[in-house]
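# A structural walkthrough
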Amino acid sequence: MKPVVEFLESFVVVVLVLAGIAGLFYNLFRDNGWLGTVLGKIWDLETRYPLIAIPVTIGAIIMFRLWWRDKVIHGKTSRLPDFLLYALMAGGAYFIGRYAITGSL
């Protein structure tokens, strides 16, 4: 009985993760999707205020390098993969539920 339960549990996890990835990519890349909206707003901001992008980009690079160096030097383990897996599972549950209720993603 235990192998059947473990198989069903892993099957549900895989289905939820795949549904999360599919729903995320569908909403990112469809016409007037999230990516188009965000890139449009970023492009509008950059064309109106081009000098804001330079210090923000430099600051982001510096902060990322400091964060990455601290992680590598101290050998800290990351819980980010677990978080991403759970986030994809939650997204999959959301997209499956939304499709079941409304009939669309």
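Everything quoted here is computed from the prediction, not taken from an experiment.

## Things to note about the overall build of the protein
Each helix and strand in the protein was counted, giving four helices and zero strands. Walking the protein from its N terminus toward its C terminus, one meets helices and strands in the order α-α-α-α. Counting all 105 residues of the protein, 10% fall into the buried class. Taking contacts inside the protein between residues at least 6 apart in sequence as the whole, the part at least 24 apart equals 65%.

## Points about the environment of Val-14
Looking at the secondary structure, you find Val-14 in helix α1 (residues 2–29). Its relative accessible area of 47% is what places Val-14 among the partly exposed residues. When the C-alpha atoms of Val-14 and Met-89 are compared, they prove to be 8.4 Å apart, with 75 residues separating the residues in sequence.

## Some details on the packing of aromatic side chains
By the definition in use, this model includes two aromatic pairs. Judged by centre distance (6.2 Å) and plane angle (25°), the rings of Phe-7 and Phe-11 are stacked. Here Phe-11 and Phe-7 lie together in helix α1, a separation of four residues that amounts to about one turn. Between Tyr-94 and Phe-95, the ring centres sit 5.3 Å apart and the planes meet at 65°, which makes this aromatic pair edge-to-face. Its relative accessible area of 7% is what places Phe-95 among the buried residues.

## Section: the confidence of the model for the protein
For the protein, the average pLDDT comes to 78, and 78% of its residues sit at 70 or higher. Between the elements of the protein, mean pLDDT differs from a low of 69, seen in helix α2 (residues 34–48), to a high of 88, seen in helix α4 (residues 80–102).

## With respect to a nonpolar patch on the surface
On the surface, Val-4, Phe-7, Leu-8, Phe-11, Val-12, Val-15 and Ile-96 cluster together into a nonpolar patch covering about 630 Å² of accessible area. With six residues, the top contributor of residues to the nonpolar patch is α1. Note on placement: Val-15 falls in helix α1.

Criteria and cut-off values
- Residues numbered from 1 in each chain as written.
- Predicted model: local features only at pLDDT ≥ 70, side-chain atom pairs only at ≥ 80, totals over all residues.
- Heavy atoms only, no water.
- Helix = DSSP H or I, 4+ residues; strand = E, 2+ residues; numbered from the N terminus.
- Buried < 20%, exposed > 50% of the residue type's maximum accessible area, 1.4 Å probe, protein only.
- Contact = heavy atoms within 4.5 Å.
- Phe/Tyr/Trp six-rings, centres within 6.5 Å; stacked < 30°, edge-to-face > 60°.
- pLDDT = per-residue confidence, 0-100.
- Patch = residues over 30% accessible without salt bridge, like charges linked within 9 Å, V, L, I, M, F, W, Y side chains within 5 Å.
- Areas by Shrake-Rupley, 256 points an atom, 1.4 Å probe, with all protein chains shown as cover.
- Salt bridge = Lys/Arg side-chain N within 4 Å of Asp/Glu carboxyl O.

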